[in-house]
Amino acid sequence: MATRIREKTAARRETADKRPHATAKYIRISSRKVKIVIDVIRGKSVNEAAAILSYTPKAASEPVLKVLNSAIANAENNLNMNRDELYVAEVYANQGPTLKRYRPRARGSASPIRKRTSHITIVLDQVQ
């Protein structure tokens, strides 16, 4: 039985995505607001994407820039890739868990507040 587990593990490692990536989880911004920012950098070179994010006046641009810098560092340090040859191949923001809070209202009632979170993932690739 153990040999089958080793075979499965070896097959999973062969088919694993070898591109550098970084993920930030539980970011306290709605994924809908993050998607506005990440649509701007999709397909751009990493230097251009970093420049765009540093001058984008949105709250979501700061965590996206941190994830981009992390993915670049992963590519340079772990996979020995050159920064100038990298571009943003994939970038997506998935919805995370929602924090449920309540705001007191008139006459003893309460209305719900949903504080949404998101998971941001950036996958880089080399220009061919």
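Model, not experiment: these values are computed from the prediction.

S.K.: Please provide a residue-by-residue account of the overall build of the protein chain, values included.
M.R.: A count of helices and strands for the protein chain gives 4 helices and 5 strands. Whereas a compact globule of 128 residues would reach a radius of gyration of roughly 14 Å, the protein chain reaches 19 Å, over 25% beyond that. Taken over the C-alpha atoms alone, the protein chain extends approximately 65 × 50 × 20 Å along its principal axes. The contacts of the protein chain with a sequence gap of at least 6 include a subset with a gap of at least 24, amounting to 70%. For the protein chain, the accessible area works out to roughly 8800 Å², and carbon and sulfur atoms hold 49% of it.

S.K.: Pulling in residues and values, what's your account of helix 3 (residues 46-54)?
M.R.: Within helix 3 the residues assigned to the buried category are V46, A49, A50 and L53. Down the axis of helix 3, the sector holding all buried residues measures 100°, keeping them to one side. Elements that come into contact with the buried residues of helix 3 comprise helix 2 (31-41), helix 4 (61-78), strand 2 (86-95) and strand 5 (118-126).

S.K.: Tell me about the environment of L68, and name the residues and values.
M.R.: With respect to the helices and strands, the residue L68 is situated in helix 4. A sequence separation of 55 residues divides L68 from V123, and the C-alpha atoms of the two residues are 8.8 Å apart. Beyond its immediate chain neighbours, meaning those up to four positions away, L68 contacts V46, A49, A50, L53, V88, I122 and L124.

S.K.: Any chance you could break down the sheet that holds strand 5 for me, citing the residues and the numbers?
M.R.: One open sheet holds the 3 strands; their spatial order is 1-5-2, and the pairing between them is antiparallel. Looking at strand neighbours, the two that pair on one side only are strand 1 (21-27) and strand 2, the edges of this open sheet. Going across the sheet, the axis of each strand differs from the next one's by a mean of 15°, ignoring polarity. In the packing of helix 4 onto the sheet, the strands contacted are strand 1, strand 2 and strand 5, and the crossing angle to strand 5 comes to about 40°.

S.K.: Describe the side chain of S61, and please don't skip the residues or the numbers.
M.R.: Mapped onto the elements of the fold, S61 is located in helix 4. Owing to a relative accessible area of 6%, S61 belongs among the buried residues under this scheme. Looking at S61, its side chain comes within polar contact range of the main-chain oxygen of K58, at 2.8 Å. Once residues within four sequence positions are removed from consideration, S61 is found in contact with V37, L53 and T56.

S.K.: How would you sum up unusual backbone geometry? Please name residues and give values.
M.R.: Even without a glycine there, the phi angle at Y26 is positive, about 60°. Tracing the sequence through the fold places Y26 in strand 1. The exposed category is assigned to Y26, whose relative accessible area is 54%. Although it is not a glycine, R107 sits at a positive phi angle of roughly 60°.

S.K.: Can you lay out helix 4 for me, pointing to particular residues and giving the numbers?
M.R.: Over its 18 residues, helix 4 extends 25 Å from the first C-alpha to the last, a length consistent with the 26 Å expected when each residue adds 1.5 Å. Buried within helix 4 we find S61, P63, V64, V67, L68, A71, I72 and A75. Looking at the packing, one finds that the buried side of helix 4 touches strand 1, helix 2, helix 3, strand 2 and strand 5. Immediately beyond the C-terminal end of helix 4, within one or two residues, lies N80, with a positive phi of roughly 55°.

What counts, and at which threshold
- Each residue is numbered by its place in its chain's sequence as written, counting from 1.
- In keeping with the model being predicted, local features are shown solely for residues with a pLDDT of at least 70 and side-chain atom pairs are shown and tallied solely at 80 or more, while totals for entire chains, interfaces and linings include all residues.
- The side-chain values count all of the structure's non-hydrogen atoms but skip hydrogen atoms and water molecules.
- Going along the chain from the N terminus, every DSSP run of H or I of four or more residues is numbered as a helix, and every run of E of two or more is numbered as a strand.
- The quantity called the radius of gyration is restricted to C-alpha atoms. Its globule counterpart is 2.2 Å times the number of residues to the power 0.38.
- Whether two residues touch is decided by their heavy atoms; if any such pair falls within 4.5 Å, the residues are in contact.
- Areas reported as accessible are Shrake-Rupley estimates using a 1.4 Å probe. Residue values count occlusion only from the protein chains shown.
- Exposed residues in this analysis have more than 50% of their type's maximum accessible area, buried residues have under 20%, and partly exposed residues fall in between, with area computed by a 1.4 Å probe over protein chains only.
- When we speak of the arc, we mean the arc of directions from the helix axis to the C-beta atoms.
- Only strands joined by at least two bridges in the DSSP assignment are considered to pair.
- An axis is simply a line fitted to the C-alpha atoms; with a helix, the fit covers only the stretch in contact. Between two such axes, the angle follows the N-to-C directions and lies from 0 to 180 degrees.
- Think of a polar contact as two N or O atoms within 3.5 Å of one another; within protein, one of them needs to be a possible hydrogen donor and the other a possible acceptor, and neighboring residues in sequence only count if both atoms come from side chains.
- Here the expected length of a helix is defined as 1.5 Å per residue gap, with one fewer gap than residues.

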